[in-house]
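Spelled out, the chains give:
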Amino acid sequence: MADALKIGIAGLGTVGASLVRIIQQKSNELAVTCGRPITITAVSARDKTRDRGVDLSAVTWFDRPEDLAEKGDIDVFVELMGGAEGAANVSVRAALQRGLHVVTANKALLAYHGVELATIAEEKGSLLNFEAAVAGGIPVIKALRESLTGNAVSRIYGIMNGTCNYILTKMEKEGLSFAECLKEAQRLGYAEADPAFDIEGNDTAHKLAILTTLAFGNRIAADDIYLEGITNISIEDIHAAAELGYRIKLLGVAQRTETGIEQRVHPTMVPVDSVIAQVDGVTNAVAIESDVLGELLMVGPGAGGNATASSVLGDIADIAKSQPGAQRVPVLGHPAKALEPYRKAQMQSHEGGYFIRLTVLDRTGVFASVATRMAENHISLESIVQRSTQHLAPSHHQTIILVTHATMEESVRKAVASIKSEGYLFGEPQVIRIERPKEEA
Ligand SMILES: NC(=O)C1=CN([C@@H]2O[C@H](COP(=O)(O)OP(=O)(O)OC[C@H]3O[C@@H](n4cnc5c(N)ncnc54)[C@H](O)[C@@H]3O)[C@@H](O)[C@H]2O)C=CC1
Ligand SMILES: N[C@@H](CC=O)C(=O)O
């Protein structure tokens, strides 16, 4: 049997501890499958005393991940700390410069430094694997990077954040509050160290930016994403959506348009009978539409220690099986130096259906005025309903819910601005985009 593959792990939190446990439990099977043992020779973690339920007595501990990357007796540096800057960034760079292979689950790091890191890896002939960075246990990176070679992708979209999907599902199905659901997602190890990244949509944006590059061959553009999180989604929105035959999901969508590439992350109403509406809890789903294959939908566990460690381990196993000096698949699917500049499509030119919830003064003429503002902006309405909101607001207020046919984002923004200027609105309007299957859009 060939020599062991020596790995060093920086970060022994949810994912790191799961990874160590799985490698230790499955050492014999892994050695057979990979043709060589996989051995953890070194680690770096902040807390040496914490009981992680794994045996780390035989490994070398490094206080600084940078030292592990620069001096550890390792073949592969596994980064599981998180964060686009700081120790993760410095140590991954150092490991690649040293000619080590790197495996990371860190989408923030890749979203902001992926092209530079891929360039170093490609110059050094090293592997930089990051399957766990997008959609946890779903092998979407490998699908895009390898299996779909030759396909021209037109659109990629999906549920890419387990925490948000868990929150939205629990709110709808168990009537729990947003705060209770978030706390539970944190306890289960789904949320980021700073959960604002989850609920404000940044984590989905980081993942989407990576997928966009793999799908369309552009440089990563993580700051050029239209972004709305789920913090404004109320139980009233979830109930109103259900009554209209929809569910609310936080979707990331990237598609080619005539004006460039559109990247957006926002709460989205999807028809209750669509496949994506059935994706509940921590489960993620990624749909890829391409010319040769058609639509590919991948569904699976999107977060949590085991789901994520499964992808990290798959990446390590690929390295164990790889031949030194062999031709490498480009890190981002296309050689880093050949990535094209990103051409951003304007969000105003996005076209789709919209759900608009307005709390208005209960006054004669308001309903007609709302309908007129819509008509003035050439917005065709699928439905408009008025209902009492006595349980939510003072009795002199009412709720108006509008659902539009496919219309331009710009028109909706103009209509809402003109409604706001009329003086009969109570609070901010709620606007949620609707994603319908292609034939209904
Ligand atoms: N938890 C999940 O479901 C998933 C996590 N990820 C990513 O995996 C990475 C790790 O995530 P988790 O394990 O959930 O985070 P975590 O917060 O549970 O663990 C991170 C660990 O890294 C340690 N750490 C941070 N800076 C360090 C430093 N300078 N030196 C030594 N140790 C340091 C922390 O003390 C902590 O124990 C992140 O990039 C995250 O975005 C990706 C997919 C899913
Ligand atoms: N916080 C992330 C973890 C996986 O990427 C999520 O909830 O999806």
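This section reports on the structure supplied with the text. Predicted, not measured: the structure shown is a model, and the values here were computed from it. (Residues numbered from 1 in each chain as written. Chains lettered and ligands numbered in written order. Predicted model: local features only at pLDDT ≥ 70, side-chain atom pairs only at ≥ 80, totals over all residues. Heavy atoms only, no water.)

1. Observations concerning the pattern of salt bridges
For the coordinates displayed, the defined rule picks out 29 salt bridges. One salt bridge in this structure joins Arg264 and Glu435, with 3.4 Å as the shortest N-O distance. Pair noted here: Arg264 is in strand E10 (residues 260-271) and Glu435 is in the segment after strand E17 (430-434), with a separation of 171 residues, a long-range link. Residue Glu435 is classed as buried on the basis of its relative accessible area, which comes to 12%. Connected through salt bridges with shared partners, the residues Arg155, Glu262, Arg264, Glu289 and Glu435 form a single ionic network. (Salt bridge = Lys/Arg side-chain N within 4 Å of Asp/Glu carboxyl O. Helix = DSSP H or I, 4+ residues; strand = E, 2+ residues; numbered from the N terminus. Buried < 20%, exposed > 50% of the residue type's maximum accessible area, 1.4 Å probe, protein only.)

2. Re the site of ligand 1
The full set close to ligand 1 counts 22 residues, and Thr14, Val15, Lys107, Glu192 and Gly304 are the nearest of them. At 3.0 Å from an oxygen atom of ligand 1 is found a main-chain nitrogen or oxygen belonging to Thr14. Interatomic distance of 3.0 Å between a backbone N/O atom of Gly189 and a nitrogen atom of ligand 1. Across the complex, the protein chains shield 84% of the 820 Å² of accessible surface that ligand 1 would expose by itself. Broken down by class, the residue content of the shell around ligand 1 amounts to ten nonpolar, nine polar and three charged. (Near = heavy atom within 4 Å. Polar contact = N/O pair within 3.5 Å; in protein donor to acceptor, adjacent residues only side chain to side chain. Areas by Shrake-Rupley, 256 points an atom, 1.4 Å probe, with all protein chains shown as cover. Nonpolar A, V, L, I, M, F, W, Y, C, P; charged D, E, K, R; others polar.)

3. Regarding helix H4 (residues 86-97)
Turn by turn, an α-helix covers 3.6 residues, leaving residues three or four places apart pointing in a common direction. Look at H4: 17 Å from first C-alpha to last across twelve residues, which is about the 16 Å you get at 1.5 Å a residue. Here the buried face of H4 lies against helix H3 (65-71), strand E4 (76-79), strand E5 (101-104), helix H5 (107-124) and strand E6 (128-129). Among the residues trailing H4, Gly99 stands out with phi positive, at a value near 90°. (Expected span 1.5 Å × (residues − 1). Contact = heavy atoms within 4.5 Å.)

4. So, the sheet that holds E5
Paired through their backbone hydrogen bonds, the strands of a sheet run either parallel or antiparallel. Read across the sheet, six strands follow the order E3-E2-E1-E4-E5-E6 without closing on themselves; strand pairing throughout is parallel. In this open sheet, the two strands that pair with only one neighbour each are strand E3 (60-62) and E6. In the sheet, E4 pairs with E5 via four bridges, with the strands oriented parallel. Paired with Glu79 across the bridge in E5 is Thr104. Helix H12 (residues 305-321) contacts strand E1 (5-10), strand E2 (38-44), E4, E5 and E6 of the sheet and is inclined by roughly 165° relative to E5. (Pairing = 2+ DSSP bridges. Axes fitted to C-alpha atoms, helices over the stretch in contact; angles between N-to-C directions.)

5. Overview of the packing of aromatic side chains
Throughout the structure, instances matching the rule amount to one aromatic pair. A ring pair is formed by Tyr166 and Tyr190, whose centres lie 5.6 Å apart and whose planes are at 70°; its orientation type is edge-to-face. Here Tyr166, found in helix H7 (residues 162-174), pairs with Tyr190, found in the loop between helix H8 (178-187) and helix H9 (196-199); they are 24 residues apart in sequence, far enough to count as distant. Residue classification places Tyr190 among the buried residues on the basis of a relative accessible area of 17%. (Phe/Tyr/Trp six-rings, centres within 6.5 Å; stacked < 30°, edge-to-face > 60°.)

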